[in-house]
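Understanding the architecture of this molecule
Here are the chains, one letter per residue:
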Amino acid sequence: MSVKIYIPGDSGALAVGADKVAIRMAEAIAARDLDVEIVRNGSRGLYWLEPMIEVETARGRVAYGPVRPSDVDGLLSSGLLEGSDHPLCLGTTADIPYLKRQTRLTFARCGITDPLSLDDYRSHGGLAGLINAVAMTPAAIVQEVTDSGLRGRGGAGFPTGIKWKTVLETGATQKYIVCNADEGDSGTFADRMIMEGDPFVLIEGMAIAGIAVGASKGYVYTRSEYPHAIRMMTRAIEIARKNNILGPSVLGSGHSFDMEVREGAGAYVCGEETALLESLEGRRGVVRAKPPLPAHKGFLGRPTVVNNVISLASVPIIMDKGADHYRDFGMGRSRGTIPVQIAGNVKHGGLFEAAFGMTLGDLVDDIGGGTASGRPVKAVQVGGPLGAYFPREMFDTPFDYEAFTAKGGLIGHAGIVVFDDTADMLKQARFAFEFCAIESCGKCTPCRIGSTRGVEVIDRIAAGIEPEKQKDLVADLCNTMKFGSLCALGGFTPYPVMSALTHFPDDFKPRQLAEAAE
Ligand SMILES: Cc1cc2nc3c(=O)[nH]c(=O)nc-3n(C[C@H](O)[C@H](O)[C@H](O)COP(=O)(O)O)c2cc1C
Ligand code: SF4
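Residues numbered from 1 in each chain as written. Chains lettered and ligands numbered in written order. Predicted model: local features only at pLDDT ≥ 70, side-chain atom pairs only at ≥ 80, totals over all residues. Heavy atoms only, no water.

What surrounds ligand 1 is a group of 19 residues, the closest being Gly154, Asn180, Asn307, Asn308 and Ser311. Contact between ligand 1 and Glu183: an oxygen atom at 3.1 Å from a main-chain N or O atom of the residue. Within the complex, the protein chains bury 92% of what would otherwise be the 610 Å² of accessible surface of ligand 1. The pocket occupied by ligand 1, as judged from atoms lying within 2 Å of grid points, is the largest pocket. For the shell around ligand 1, the secondary structure elements donating two or more residues are strand S9 (304-308) and helix H22 (488-492). Here the element with the most residues in the shell around ligand 1 is S9; it accounts for 3 residues. Its residues assigned to classes, the shell around ligand 1 shows 4 nonpolar, 9 polar and 6 charged. (Near = heavy atom within 4 Å. Polar contact = N/O pair within 3.5 Å; in protein donor to acceptor, adjacent residues only side chain to side chain. Areas by Shrake-Rupley, 256 points an atom, 1.4 Å probe, with all protein chains shown as cover. 1 Å grid on protein atoms, 1.4 Å probe; cavity = no way out; pocket = protein on both sides within 12 Å on 5 of 7 lines; lining within 4 Å. Sits in = over half its atoms within 2 Å of the grid points. Helix = DSSP H or I, 4+ residues; strand = E, 2+ residues; numbered from the N terminus. Nonpolar A, V, L, I, M, F, W, Y, C, P; charged D, E, K, R; others polar.)

Right, here's the structure in full:
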């Protein structure tokens, strides 16, 4: 039997040379006439070790990384195929502490299987949730998802089961499932990892959602910056269609469900669900006023479930193992697991899936290993560009929706971006306003005008023009944006601005204007 070597085909691994390693490996194997099969798996999410290759041995998979093409011959000569020791050897993959400490429910297969092998998917527990779902009534599926406590992982944390129930109870004959794969938050890559590393789990989740609410068509809306994910999803959909997982009778159940991938042109606001629907319908991504909710009047005016990739990809495990199993993980009203994406100036950047409840400090210092620069951590921005900056004094905050809200922050899509003590928080506050000004859809005044005024006011603070008065003006402006904006782009920009101003007052001292705008 041939030995299997796994070399990730994930974008994060490709960016640091995984394709070159795979080519070199194939050449070296051919030259040595070895019986080896190279599998292009997804990433395990330990990005500082990519390209991380693994070899299947009698004692499990053994990992090596980061591997460069020039390492390949040496690895083979020192017994790679037997999982022998080598300076790049990381030991058995399952025992790497970063992985061993995780609870992988949604990402259970990511990095383990061949992403486009349906056999691999099935033999690692895939399709068990869909098989259960087709034997249930739509109302029972919705109840199971509700009982699991799953909340939307796209940002707002809205209970998924309640959203599905609203769509199920509408009388329309045509309904839609729209998967929000726009993933615009800074430091986030969980959606991409799933689409590239385990696309069938998203297809399975969407098919279950379709059957649950009576929708026969689904769309995955993703960004043009994700060409690899688009290719993988498109190929996986074709395979699923050929194998009756999608089509007029899903797994022979009589339920019809099919789906396709749609590519956005690239605008942060197109991740907002109503702007996304506008874009999906072929128009400019402008936010729609709510009501009506997309659940009542969504894509093409029909009832539509809009859910994030991770929300939908978490459904198969719930339908497989049951609501109680999923609900058992977590704390308070934050149930199940959350794939935290650790990024920025951090030593061990990657994806860490764990039950809700870990503290921010655990994630940054212990799991993330502190800064990559080796300097002290100054701040962590949690929840994307609209999330608050947390100083070290708040690192005891547990990863829990309510706990973050209580501290003036948000979990968002669970991306955390680490900054060391060289970060200038006035510049970060200015950047938040500037980002909002650039990305604003322009529909409402507090966001469209307020963000530009915000940049000007921060510049006046930097220039030392009546700084105390300007700080009051920032607070006033933020208040107007928070309560007067139509959507969270304008409404949440005050979080990074005010948290920077509140927690890092020393940074808001006068300096050269050019320096603030740098
Ligand atoms: C400006 C803005 C950008 C957003 N970007 C995304 C995104 O990239 N992905 C996402 O899933 N949700 C995003 N959201 C949240 C969506 O509007 C919506 O709440 C989400 O897709 C619902 O799915 P969920 O309930 O599964 O989280 C964004 C919201 C705003 C206001
Ligand atoms: S807050 Fe900004 S992005 Fe949202 S609707 Fe208003 S102008 Fe558009």
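This part is about the site of ligand 2. Every one of the 13 residues lining ligand 2 counts as a neighbour, but Cys441, Lys443, Cys444, Cys447 and Cys487 are closest to it. Across the shell around ligand 2, the residue classes tally to 8 nonpolar, 4 polar and 1 charged.

The next thing to look at is the pattern of salt bridges. As enumerated under the stated definition, the model contains 35 salt bridges in all. The salt bridge partner of Asp366 is Arg101, with a shortest N-O separation of 2.9 Å. Within this pair, whereas Asp366 is found in helix H16 (residues 360-367), its partner Arg101 is found in the loop between helix H4 (97-100) and helix H5 (118-123), the two being separated by 265 residues in sequence. Assessed through its relative accessible area of 43%, Arg101 is described here as partly exposed. A single salt-bridge network, built from bridges that share partners, covers Arg24, Glu27, Arg32 and Asp73. (Salt bridge = Lys/Arg side-chain N within 4 Å of Asp/Glu carboxyl O. Buried < 20%, exposed > 50% of the residue type's maximum accessible area, 1.4 Å probe, protein only.)

Our next topic: the layout of surface pockets. Roughly 1,300 Å³ of internal volume is contained in the largest pocket. Forming the boundary of the largest pocket are 48 residues, of which Gly154, Gly155, Ala156, Glu273 and Ala488 lie nearest the centre. For the lining of the largest pocket, the elements supplying multiple residues, two or more each, are helix H8 (160-168), S9, helix H17 (401-406) and H22. Looking at the lining of the largest pocket, the element that brings in the most residues is S9, giving 4 residues. Along the lines of polarity and charge, the residues of the lining of the largest pocket split into 20 nonpolar, 17 polar and 11 charged. (Points joined across faces, edges and corners; volume = space filled by probe spheres on them.)

So, to be careful, I would describe these as geometric facts and stop short of saying anything about function.
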